[in-house]
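# Breakdown of the fold
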Amino acid sequence: MKLNFVNHYGQEYDGDGLRWADDVSDFEFRVVLLVAVLLLATLAGELRRRQAGRSRAVIDGDLLTADELGLPLGRRATFVQFSSPACSPCRAVRRVLGDLTGSQAGLAHIELDAVEHLDLTRRLGILRTPTVLLLDPDGRVVRRISGPLTAEQARAAVPEALTSPDGPDTPDVSPPIRSR
Amino acid sequence: MSTASASASVPAGAAGIDPRGPRFGAALTTVVLAIALLTGSVWVLAGQALLFAAGSLLGVRRSPYGYLFTRLVRPRLRPPAELEDPAPPRFAQTVGLIVTGAGLIVAVAGVHSAVEVSAALALVAAFLNAAFGLCLGCELYLLLPRLGASPKTGRA
């Protein structure tokens, strides 16, 4: 393949495409463009990486019912995971949450295909998969975690959910919250 | 209807691919797209569009980069810690094909800067995949049906 850097564009582009100052050559402009694009992508990737798995408190969250979710809620808390078939981190999250809810009483894990539940996806403003919502025993969304999360982050989210200001004032949460 | 754990996407026994394969392919794709951006060459972009088409139609394992990975790279690596569903990276190839294909069509129609614009967009996606393991195409999978369209390509 032949790479023709100089003057190739100056002529063809003439007023139609990219313009550059006369003292900057076509190739220099392109190098700057490439570096800018890569820097921007690095910034975006780094931001995403830092966000991943961080759980945020949801104030005045939606109320979800077992009927809507298709499965019973957990007595202490319920993880609702939105997944899609084209999402490989979703598998890891499924494993993490499956392990956690399997090992502690009163926790439930419900995984939904976001595309098959577009009504819920729209209502809850789910933009990416995996997104995990943590529900209190009443089914109210109290925390939201987007992006892949580790076992530790999942475990940490549970007591947070139950002690958050929006958490349950229902005294009938039978098993006391075990500290980590 | 609602789906319980484990039934939402891949069946448990499905054969997976080495997740380092798509990352390797994304790294090569990043290089090709960087060259397309540096040269503004329609031909380099067309070459990458063909590679995306191969990945989209044949699947990532039988695409040229997948083949290279299996033949040359994987034998030198330790076995993977876990396998990955091949559908998401394949869907990402389809998204790459749409972006570069649209760029080519617009460029051929006379707007030459479409080469740079589509190369830059695809470059961001390929770079994020190679460097961070983040799959932009896969995240679009949810946004498209939310807007009303229904992408069926990735489900194969």
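Residues numbered from 1 in each chain as written. Chains lettered and ligands numbered in written order. Predicted model: local features only at pLDDT ≥ 70, side-chain atom pairs only at ≥ 80, totals over all residues.

### Examining the overall build of chain B
Definition in use: By the criteria applied, helices consist of DSSP H or I runs no shorter than four residues and strands consist of E runs no shorter than two, each listed in order from the N terminus. The contact criterion used is a C-beta to C-beta distance within 7 Å, with each C-beta placed from the backbone.
What chain B contains, in helices and strands, is six helices and zero strands. In sequence order, the secondary structure elements of chain B are arranged as α-α-α-α-α-α. Counting only contacts in chain B whose residues sit at least 6 apart along the sequence, the fraction spanning at least 24 positions is 74%.

### Here we look at the overall build of chain A
Worth spelling out the cut-off: Using C-beta atoms placed from the backbone, we call a residue buried if 20 or more other C-beta atoms fall within 10 Å of its own, exposed if 12 or fewer do, and partly exposed for counts in between.
Looking only at helices and strands, chain A has six helices and five strands in total. Secondary structure elements of chain A occur, N-terminal to C-terminal, as α-α-β-α-β-α-β-α-β-β-α. The buried share of chain A, reckoned over its 180 residues, is 37%. In chain A, of all internal contacts separated by at least 6 residues, the share reaching a separation of at least 24 is 71%.

### A short note on the nonpolar core
Residue and element names in this part refer to chain B. Basically, it comes down to this: To define a nonpolar core, we join buried Ala, Val, Leu, Ile, Met, Phe, Trp, Tyr and Cys residues through C-beta atoms within 7 Å and take the resulting set.
Among the nonpolar cores identified, the biggest contains 70 residues, and Ala119 and Leu123 are the most heavily contacted of them. Of all the elements, helix 5 (residues 113-132) adds the most residues to this core, at twelve residues. Apart from residues lying up to four places away in sequence, Ala119 is in contact with Leu33, Ala36, Leu37, Leu45 and Gly103.

### What about the pairing of strand 2 (residues 77-83) of chain A?
Residue and element names in this part refer to chain A. Stated precisely, the cut-off is as follows: Pairs of strands are assigned from DSSP output, requiring at least two bridges between the strands.
Counting buried positions along strand 2 yields seven of seven residues, so the element is predominantly enclosed. Both faces of strand 2 are covered, namely the face carrying Ala77, Phe79, Gln81 and Ser83 and the face carrying Thr78, Val80 and Phe82. Pairing of strand 2 with strand 3 (residues 107-113) involves seven bridges; the strand directions are parallel. Within strand 3, the residue paired with Ala77 across the bridge is Leu107. Here five bridges tie strand 2 to strand 4 (residues 131-135), and the two strands are oriented antiparallel to one another. In the sheet register, Phe79 faces strand 4, and the bridge partner there is Leu134.

### Here's the deal with the confidence of the model for chain A
The test is simple: Known as pLDDT, the predictor's per-residue confidence is scaled from 0 to 100.
Averaged over chain A, the pLDDT score is 79; the fraction of residues at 70 or greater is 74%. Counting contacts from residues 1-9 of chain A, a segment whose pLDDT is below 50, to residues more than four positions away or on other chains yields twelve contacts.

### Some remarks on the environment of Gly96 of chain B
Residues and elements named next belong to chain B. Within the fold, Gly96 resides in helix 4 (residues 87-108). Each C-alpha atom, one on Gly96 and one on Ala125, is 8.4 Å from the other, the two residues being 29 residues apart in sequence. In this structure, Gly96 is in contact with Phe52, Ala122, Ala125 and Gly137, ignoring residues within four places of it in sequence.

### Brief notes about helix 2 (residues 42-58) of chain B
Residue and element names in this part refer to chain B. The cut-off we apply is this: How far a helix is expected to stretch is found by multiplying one less than its residue total by 1.5 Å. To be clear, the arc concerns the directions from the helix axis to the C-beta atoms.
With 17 residues, helix 2 ought to run about 24 Å at 1.5 Å a step, and its terminal C-alpha atoms sit 24 Å apart, in line with that. Val44, Leu45, Gln48, Ala49, Leu51, Phe52, Gly55 and Ser56 are the residues of helix 2 that are buried. Taken around the axis of helix 2, the buried residues stretch over an arc of 160 degrees, which confines them to a single face. Summarising the contacts, the buried residues of helix 2 are in contact with helix 1 (20-39), helix 3 (64-73), helix 4 and helix 5.

### Observations concerning the pairing of strand 4 of chain A
Residue and element names in this part refer to chain A. Judged by how many residues are buried, strand 4 sits mostly within the fold: five of five residues are covered. Where burial is concerned, the two faces of strand 4 agree: the one with Thr131, Leu133 and Leu135 and the one with Val132 and Leu134 are both buried. Sheet topology places strand 4 next to strand 5 (residues 141-146); five bridges connect them, and they run antiparallel. In the strand pairing of strand 5, Leu134 is matched with Arg143. Between strand 4 and the antiparallel strand that follows it, strand 5, lie five residues; Gly139 among them carries a positive phi value of about 95 degrees.

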